[in-house]
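A closer look at the structure
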Amino acid sequence: MALAAGCGSGPEMPSGAGTSDPATAGLYAAAAAEPPLVLYSSQNPELIEATVAAFSEVYPDVDVQPVRLASGTLTTRYAAERSAQVCSAGAVIAADPELIREGTSRGWFAPLEAGRIPEIARWPREAVVMGRAARISVIPAAIATNTTAVPEASAPADPRALLDPALRGRIVLTDPRSTPGWMSLMNMLREQYGDEFLRRLAGQELRVADSSVPATQQAAAGERAVAFPTILSVVEPLAEQGAPLTTRVISDGPTTGVEQFVSVSDCGQTRNAAALYANFLLTPAGQTAVNGTVAASPRRDLPGMLPLPAGYRSPEPTSPQDQRRILDLLGLT
């Protein structure tokens, strides 16, 4: 999906509103002369499209070609390509902190410096990881319910409600291996409610989906009544298309979610375009596009975005031993 065309414009005469900002005008001119920027992203497709469209309104002479990949697939693909000295993606939006750690240690990502990305100087320091990734979006975990199968008033809002015998055989579980956030959530629930919680959840005759997207789609289609865990950015587009879905953000007890980070590849022929795109994501316009009303911004001063639950914690690394125990309790080994 290429939402803008870079042909017909050289670096001396780019067009659009982006030419009026002296902080990025030079970067824009250089980016406009580069090949199309390939963006790897694990975001929901609708958010990717909205963000690229918003970027293209400001910088119409930079062509962005997004490739949407599930979180685990993105990490594996990007790491394999860079290990093989292949530089396909100029910019990456991912939800896997391990990719940031490995990419930083192996020199895959460029430093996010104000000389190249002016907005990074205004970004919250706690939202910049190892100087190579900026947290751009925080989406708390939620439970989606098909209201033709379960009355909206009875839609579960607490993971413990999923143990209701009436939901046996009616839940689709997002595989916690799909993203570190979901493995961290399962570990938090295990710490809070004990092994027995996950064991009883597994006893609900779960169907397992590869990610939140197919899990929520199954609930929307009525194949299952409830999808867990999922996120608003996945549910809302389906609901807007008429799917009978209601969403409850988990707010009682410990919870976490999906946190997306942007990084710029330190390779290839689109380094200026990648830096320009990353910078745009940190602007108020970029944050509005990337988060809408379904996610929280690391910049708490921006209005109109989702508030985080009181018990929200960023995803925490789950040890291999704990991961094996979680999968065993859920019957996923």
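In what follows, the accompanying structure is described. (Residues numbered from 1 in each chain as written. Predicted model: local features only at pLDDT ≥ 70, side-chain atom pairs only at ≥ 80, totals over all residues. Heavy atoms only, no water.)

**Examining the pairing of strand β9 (residues 226-230)**
The side chains of a regular strand alternate, first on one face of the sheet and then on the other. Within β9, five of the five residues are buried, which leaves it mostly tucked inside the rest of the structure. Taken together, the three bridges between strand β7 (residues 171-174) and β9 define a ladder with parallel strand orientation. Note on β9: the bridge partner recorded for leucine 173 is phenylalanine 228. (Buried < 20%, exposed > 50% of the residue type's maximum accessible area, 1.4 Å probe, protein only. Helix = DSSP H or I, 4+ residues; strand = E, 2+ residues; numbered from the N terminus. Pairing = 2+ DSSP bridges.)

**Observations concerning unusual backbone geometry**
A cis amide bond, omega -15 degrees, links phenylalanine 228 with the succeeding residue proline 229. In this fold, proline 229 is placed in strand β9. One non-glycine residue, glutamate 205, lies in the positive phi region at around 55 degrees. Turning to its location among the elements, glutamate 205 is positioned in the loop between α6 (195-202) and β8 (207-209).

**Some words on the nonpolar core**
Phe55, Val62, Val64, Ile117, Leu276 and Tyr277 are the most contacted members of the largest nonpolar core, which has 36 residues in total. Going through the elements one at a time, α1 (25-32), β1 (37-41), α2 (45-58), β3 (91-94), β5 (133-140), β11 (257-264), α9 (271-281) and α10 (284-291) are the ones with two or more residues in this core. If you tally residues by element for this core, the top one is α9, at eight residues. Counting 33 residues, the second-largest nonpolar core is a separate cluster that includes Ala95, Leu163, Leu167 and Leu327. (Core = buried A, V, L, I, M, F, W, Y, C linked by side-chain atoms within 4.5 Å.)

**A word on helix α11 (residues 320-329)**
Within α11, the full set of buried residues consists of Ile326, Leu327 and Leu329. The arc enclosing the buried residues of α11, seen along the axis, measures out at 160 degrees, which places them on a common side. In α11, the exposed residues that point more than 90 degrees away from the buried face are Pro320, Gln321 and Arg324. The elements touched by buried residues of α11 are α5 (180-193) and α6. Downstream of α11 by a residue or two, glycine 331 has a phi angle that is positive, lying close to 75 degrees. (Arc of directions from axis to C-beta. Contact = heavy atoms within 4.5 Å.)

Read these as layout, nothing more, since geometry by itself doesn't imply function.
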